[in-house]
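Read off the chains here:
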Amino acid sequence: NAADASWAKRSKPTAATTPKRRDYNDFQQSKTSPHLAGKFRRKTLFLGKKDEFRSARSELLALFRDATEPQVAERVGRACLLLPGSEDELRQAVALTERATAAADPKYDWARPYFHFAKGLADYRLGRFDEAIAVMSGEAKNTDYIGPSARLVMAMALFRKGNTKEARAALASAVDSYDWSPAKADNRDVWIAHILRREAEAIIGSVRTEAGPQPRVVPTEPRSK
């Protein structure tokens, strides 16, 4: 509908809202930096470059699949799970998230919501929908930086379980709670939210936001499964 088309047009990255470094330079630097590796993959997927994302994911998994440092494992694993992949890619990415979640050192306590989010996303990709819902409604939601992403994954998991009404309510809540303006799309956590919203709406159906001081989110007719 017109409202959906308007959000899609407004959320499309422009020269003013995308990072200033050239994609090629990001990719070359990412070959030696897991932080930039994850950033490059999230950036290319946010820009809609799925083929480029898949190519980068394959090469960078080869570089970082054996990472044991928890933050490195979480960042690479999470980035690789933002788009469904092959069975082998999924296995490697899931293993990375499990290593991160298993970290016992208290110095990582601040990062545990991120670790749990990555694990919840892994559960969703594996079809473990009950586990994904439990994580995304529990440990993974306890951070301001992840924004609506945990609820978006939870909405998809609910829908896959056949809980259509609850899924659409979770999706509407996630969309209504966030500022989706292009000017805000300037960091990895925001890119992730946009990526997951696109996937959720492709699966569940779109929600539209009506104009007003407090935007009201009205679910459209649910799509057939």
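Residues numbered from 1 in each chain as written. Predicted model: local features only at pLDDT ≥ 70, side-chain atom pairs only at ≥ 80, totals over all residues. Heavy atoms only, no water.

Which parts of the structure should I look at to understand helix 11 (residues 188-204)?
Count 3.6 residues to each turn of an α-helix, and residues three or four apart come out pointing the same way. For helix 11, built from 17 residues, the straight-helix expectation of 24 Å at 1.5 Å per residue is met to within 8% by its first-to-last C-alpha distance of 24 Å. Buried residues dominate helix 11, accounting for 14 of its 17 residues. Taking the backbone nitrogen of D189 as reference, a side-chain oxygen 3.0 Å away marks N187 as the first, capping residue of helix 11. Two residues or fewer past helix 11, G205 is found with a positive phi of approximately 120 degrees. (Helix = DSSP H or I, 4+ residues; strand = E, 2+ residues; numbered from the N terminus. Expected span 1.5 Å × (residues − 1). Buried < 20%, exposed > 50% of the residue type's maximum accessible area, 1.4 Å probe, protein only. Polar contact = N/O pair within 3.5 Å; in protein donor to acceptor, adjacent residues only side chain to side chain.)

Whenever I open this one, the pattern of salt bridges confuses me. Can you help?
For side chains of opposite charge, pairing can occur when their charged atoms come near one another. Under the criterion given, the structure shown has 11 salt bridges. Close ionic contact of D51 with R54 constitutes a salt bridge, the shortest N to O distance being 3.4 Å. Here D51 and its partner R54 are both found in helix 4 (residues 50-64), three residues apart, which amounts to about one turn of the helix. A relative accessible area of 61% means that D51 is categorised as exposed. Here R54 falls in the partly exposed class, since its relative accessible area comes to 35%. Here R112 makes a salt bridge to D109, at a shortest N to O gap of 2.8 Å. Given the relative accessible area of 17%, R112 is considered buried. Through salt bridges that share partners, E74, R78 and D189 make up one connected network. (Salt bridge = Lys/Arg side-chain N within 4 Å of Asp/Glu carboxyl O.)

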